[in-house]
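Residues per chain, in single letters:
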Amino acid sequence: MASVTITNTQKSYGAAKVLHGVDIDIEDGEFVVLVGPSGCGKSTLLRMLAGLESISGGTISIGDKVMNDVPPKQRDIAMVFQNYALYPHMTVEDNMSFSLKLKGVPAEEKKQKVGQAVAILGLENLLGRYPKELSGGQRQRVAMGRAIVRDPQVFLFDEPLSNLDAKLRVQMRAEIKQLHQRLRTTTVYVTHDQIEAMTMADKIVVMRDGGVEQIGTPLDLYDNPANLFVASFLGSPGMNFVTGKISTDDASAFETNGGSRIDLKEAFPGLNGKPVTLGVRPENWTLLPSSERSLEATISVIEPTGAETMLLLGHGKEQLTVSIKQRPRLVVGEQLHLAPQPNSIHLFDTATGRRLN
Ligand SMILES: Nc1ncnc2c1ncn2[C@@H]1O[C@H](COP(=O)(O)OP(=O)(O)OP(=O)(O)O)[C@@H](O)[C@H]1O
Ligand SMILES: [Mg+2]
């Protein structure tokens, strides 16, 4: 096991710059998830870690050794891809032991390592099968087994679950997490699925356009997103955004473009009249009896899910999603009065997207 240090790492393909100086510190044993929209540079960064892409600037270290010019084979990492690329003409057992065979590992040790991985992954009954005789989830497990037997310093995963159906994805997500709790191998995991990121990571790195937007624990990022991008990326359904401005006569009042006025419970002196965007997560609204300082919104859809009720609401030109635990009697077209719960207000500069509180 080892730490991984990515310092001012850059990547260009000819004139096109796809990573602009990325800094990430990964501790020994940590499970780090790189998340971000398609094309933001997640796979490129992972491939640079693996040594499959050259590094155009900056450094990547594993442990205290700079890896920039170390060939992939000598980096002591194991990578699992989206298409697991098992060898079709080899059995499960041979697929798993192949890398050990190449390394010239003695038969006894090989058997012991494969046996261990097989037990961890529950593949005992499938050892003699060929890849085409396996389900997607089983193939996925064999691909992980191949990585485990190598006992690497670092695991790299690039969207390993995206070929699986929704149910299997949830199951495998938990299995990979358990695997990490057991082996404690430093792991870098790429996904564009924010739920995967939230549920699996010790630390999430949110990327956009070849740069890092924010790094933190899942709940750090959920509770204190640094900007509108991170705020909108994490959470499902996503955070509600209401545009407006800080009142000119009261630095703790927010006037929405839809004509409501809300108490922010915190003053923003000097920002009077400034265009800002209020962010409130669906679960952080309270329904009020008609009152002056509330946001007025009209119900357009009611979705009872049993555990909670989702309300889709219109406020001026904006749409809100509100989730409530109670089951009040409501009808479509009804007007509601909402207020953000205390300590659940996120305020952003509309022009820059940066967090203000
Ligand atoms: N060999 C290449 N030559 C030129 N541009 C490339 C090459 N490989 C990747 N890119 C570009 O680099 C950028 C980052 O690509 P990358 O594959 O890292 O994205 P990603 O975040 O993994 O996206 P996805 O979620 O779709 O897998 C993209 O704009 C892509 O077009
Ligand atoms: Mg990718």
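Residues numbered from 1 in each chain as written. Chains lettered and ligands numbered in written order. Predicted model: local features only at pLDDT ≥ 70, side-chain atom pairs only at ≥ 80, totals over all residues. Heavy atoms only, no water.

Asks: How would you explain the site of ligand 1 if you had to name every residue and give the values?
Replies: If you check the shell around ligand 1, you find Tyr13, Val18, Pro37, Ser38, Gly39, Cys40, Gly41, Lys42, Ser43, Thr44, Glu159 and His192 and nothing else. Between ligand 1 and the protein, one listed contact pairs an oxygen atom with a backbone N or O atom of Gly39 at 2.8 Å. The separation between an oxygen atom of ligand 1 and a polar main-chain atom of Cys40 is 3.2 Å. Here ligand 1, which alone exposes 640 Å², has 57% of that area covered by the protein. Here the shell around ligand 1 gets three residues from one element, more than from any other, and that element is helix H1 (residues 42-50). In terms of residue class, the shell around ligand 1 is made up of four nonpolar, six polar and two charged. (Near = heavy atom within 4 Å. Polar contact = N/O pair within 3.5 Å; in protein donor to acceptor, adjacent residues only side chain to side chain. Areas by Shrake-Rupley, 256 points an atom, 1.4 Å probe, with all protein chains shown as cover. Helix = DSSP H or I, 4+ residues; strand = E, 2+ residues; numbered from the N terminus. Nonpolar A, V, L, I, M, F, W, Y, C, P; charged D, E, K, R; others polar.)

Asks: How would you explain the side chain of Glu53 if you had to name every residue and give the values?
Replies: Summarising the element assignment, Glu53 is placed in the loop between H1 and strand S4 (57-62). Here the side chain of Glu53 touches Arg47 through a polar contact of 3.3 Å, side chain to side chain. Contacts of Glu53, omitting those with residues within four sequence positions, involve Lys11, Tyr13, Thr44, Arg47 and Met48. (Contact = heavy atoms within 4.5 Å.)

Asks: An account of the pairing of strand S16 (residues 295-304) is needed here, citing residue identities and associated values.
Replies: Two elements, S16 and strand S19 (residues 335-340), share four bridges in a ladder whose sense is antiparallel. For Leu295, the partnering residue across the bridge sits in S19 and is Leu338. As paired elements, S16 and strand S17 (residues 309-315) share six bridges and run antiparallel to each other. Counterpart to Ile299 in the pairing with S17 is Leu313. In this structure, the hairpin formed by S16 and S17 is closed by a connection of four residues, where Gly306 is found at a positive phi of approximately 100°. (Pairing = 2+ DSSP bridges.)

Asks: Could you give an account of the environment of Glu196, naming the residues involved and the relevant values?
Replies: Within the secondary structure, Glu196 sits in helix H6 (residues 194-200). Between the alpha carbons of Glu196 and Gly235 there is a distance of 11 Å; along the sequence they are 39 residues apart. Contacts of Glu196, omitting those with residues within four sequence positions, involve Leu161, Arg169, Arg173, Tyr189, Thr191 and Ala201. A polar side-chain atom of Glu196 sits 2.8 Å from a polar atom in the side chain of Tyr189.

Asks: Pulling in residues and values, what's your account of the sheet that holds strand S3 (residues 31-35)?
Replies: One open sheet accounts for six strands, arranged S6-S7-S8-S3-S9-S10; its pairing is mixed. Only two strands of the sheet have a single neighbouring strand rather than two, namely strand S6 (77-80) and strand S10 (211-216). Across this sheet, the average inter-strand angle for adjacent strands is 15°, counted without regard to direction. Here four bridges tie S3 to strand S9 (residues 203-208), and the two strands are oriented parallel to one another. (Axes fitted to C-alpha atoms, helices over the stretch in contact; angles between N-to-C directions.)

Take it as geometry only, folks, not as evidence of what the structure does.
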